[in-house]
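Now for the letters of each chain:
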Amino acid sequence: MHIPRDDHDDYGDDIIKKRQSYFESFTDGKLNHVGKYSIDPDKLKGNIEHFIGVAQVPIGIAGPLVIDGEHAKGEFVVPLATTEGTLVASYNRGMKLLNMSGGVKATVVDDAMQRAPVFIFSDARGARDFVTWVNQNISKIREEAESTSSIAKLTYIDHFLSNKFAFLRFNYLTGDAAGQNMVGRATFAACGWILDNYEGIENFYLESNFATDKKASQINIMRTRGKRVTAEATIKREHLLQIMRVEPKQIDYHGRVAGVGSFLSGVNNTGLHSPNGITAMFIATGQDVANVAESSAAIMYSELTDDGDLYVSITIPSLIVATYGGGTGMGTQRECLELIDCYGKNKVYKFAEIVAAVALAGEISLASAISSSDWVSSHEQYGRNR
């Protein structure tokens, strides 16, 4: 027997109950919690198929966190969805420390979403000449791409040549949506025009794996995917001693040692755990959680000031977030976005600044714990080690 479906209304109560019963009988189990939810299943069309219920993830709050962004200004209490003990407490501690020194400055410095088709030729010269033609016809290609959307804006096309292949990396602005589907449609339209107007293309694929969708990659770190955002702060020495029981020079030295470890291991993040806070915010606010793969990249930097204080900065080069579309409009997800005034249009840069500021709070908290040897003891007291 196949999974029950209703071609006319696959989100109605009757068909949901039939699927729940099917799942219980197939697994010889019982849905005691999955089937209890407050959202309207009829509003889930386009978000999920074969709906039977929900996965409930606990949400805690941390803050307030003072943010001095260009879009996020003021104090924010942040929802974090997680099952990892000590995570919320750690981020809350970092926020308290940052607030004592004036909060966090946050800045979005770049914005791009990609689709990367590949065009195949008989030889390398054919691929090279094709790229020249693409550059000469960029205005028409942009017109074709943007005809599919009132939001997508094609900013530029990168090209990369290898063997007899021409890889084109289309870069777009996508408004308040994450935009992967949007740029897919736009690039498909542009490539259709290219195929109709250029001879010698032997084969073509809309996606070459060069956009690195839902994968960590060096090109995203260098060229941006989603939002490139930096959060920074200068923390007073006396505040570090008071709250974290650690000297600025201890954190700075550990950061340099950890930098060697990062290089040796080949990781995409020179910090400690920014994906922790990012993932918790993604789950709470209805982001595509698989985008943590790209959003996990981070460049952490610190230095001692002449006054003996600690300057810390984190750059997230490929933070993929949305405040409109996708899963952001559903029940608890929309509610969490609204609680930080980040739901809807013209809010995505604000949300990106908040995420980066939260990530910095988590970094300084864990860095302090490691440098002062409080890390294990805090897990013993509050977390999974107990």
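So, here is what we can say about the structure in this document.

About the cut-offs
Residues numbered from 1 in each chain as written. Predicted model: local features only at pLDDT ≥ 70, side-chain atom pairs only at ≥ 80, totals over all residues. Heavy atoms only, no water. Phe/Tyr/Trp six-rings, centres within 6.5 Å; stacked < 30°, edge-to-face > 60°. Helix = DSSP H or I, 4+ residues; strand = E, 2+ residues; numbered from the N terminus. Buried < 20%, exposed > 50% of the residue type's maximum accessible area, 1.4 Å probe, protein only. Axes fitted to C-alpha atoms, helices over the stretch in contact; angles between N-to-C directions. Parallel < 35°, antiparallel > 145°, perpendicular 65-115°, else oblique. Left-handed = near helix turned anticlockwise from the far one by under 90°. Contact = heavy atoms within 4.5 Å. Nonpolar A, V, L, I, M, F, W, Y, C, P; charged D, E, K, R; others polar. Core = buried A, V, L, I, M, F, W, Y, C linked by side-chain atoms within 4.5 Å. Salt bridge = Lys/Arg side-chain N within 4 Å of Asp/Glu carboxyl O. Polar contact = N/O pair within 3.5 Å; in protein donor to acceptor, adjacent residues only side chain to side chain.

Bringing the packing of aromatic side chains into the picture now. Enumeration over the complete set of coordinates arrives at 15 aromatic pairs. Centroid distance Phe 119 to Phe 130: 4.8 Å. Interplanar angle 45 degrees. Geometry classified as tilted. One end of the pair, Phe 119, is in strand E4 (residues 118-120); the other, Phe 130, is in helix H3 (residues 124-136), with 11 residues separating them in the sequence. Here Phe 130 falls in the buried class, since its relative accessible area comes to 0%. Through successive ring pairs, a cluster of aromatic residues spans Phe 119, Phe 121, Phe 130, Trp 133, Trp 193, Tyr 198 and Phe 204.

So, about the packing of helix H2 (residues 87-100) against helix H7 (residues 237-244). Across the interface, H2 lies against H7 with an axial gap of 10 Å and an inter-helix angle of 150 degrees. If you check the angle between H2 and H7, you find them roughly antiparallel. For the element pair H2 and H7, the recorded crossing hand is right-handed. For the pair H2 and H7, the contacting residues are Arg 93, Gly 94, Lys 96, Leu 97 and Met 100 in the first and His 239, Leu 240, Gln 242, Ile 243 and Met 244 in the second. Its residues placed into classes, the contact of H2 with H7 shows five nonpolar, three polar and two charged.

The subject of this paragraph is the nonpolar core. Grouped burial of nonpolar side chains is what soluble globular proteins tend to show. The biggest cluster of nonpolar side chains holds 52 residues, and the ones touching the most others in it are Leu 319 and Ile 354. Among the elements that take part in this core, helix H12 (residues 348-371) stands out by supplying 13 residues, more than any other. Setting aside chain neighbours within four positions, we find Leu 319 in contact with Arg 225, Gly 226, Lys 227, Val 229, Ile 278, Phe 282, Ser 295, Ala 352 and Val 355.

Moving on: the pattern of salt bridges. If charged atoms from side chains of opposite charge come close, those side chains can pair. Within the structure shown, the criterion is met by 21 salt bridges. Residue Arg 19 is joined to Asp 10 by a salt bridge in which the shortest nitrogen-to-oxygen separation is 2.9 Å. Across the pair, Asp 10 and Arg 19 agree in class, each one buried. The residue Asp 341 makes a salt bridge to Lys 350 at a minimum N-O spacing of 2.9 Å. For Asp 341, a relative accessible area of 42% corresponds to the partly exposed category. Connected via shared salt-bridge partners are Asp 213, Lys 214, Arg 225, Asp 288 and Glu 294.

Take the environment of Asp 341 next. Note on placement: Asp 341 falls in the loop between helix H11 (331-339) and H12. Sequence-distant contacts of Asp 341, defined by excluding residues within four places in its chain, comprise Lys 347 and Lys 350. Among the polar contacts listed, one links the side chain of Asp 341 to the side chain of Lys 347, at a separation of 3.0 Å.

Mapping Asp 111 onto the fold places it in strand E3 (residues 104-115). At a separation of 3.2 Å, a polar atom in the side chain of Asp 111 contacts the side chain of Lys 227. Of note is the side chain of Asp 111, whose polar atom sits 2.7 Å from the side chain of Tyr 349. What Asp 111 contacts, discounting residues up to four positions off in sequence, is Tyr 172, Leu 173, Thr 224, Gly 226, Lys 227 and Tyr 349.

So, to be careful, I would describe these as geometric facts and stop short of saying anything about function.
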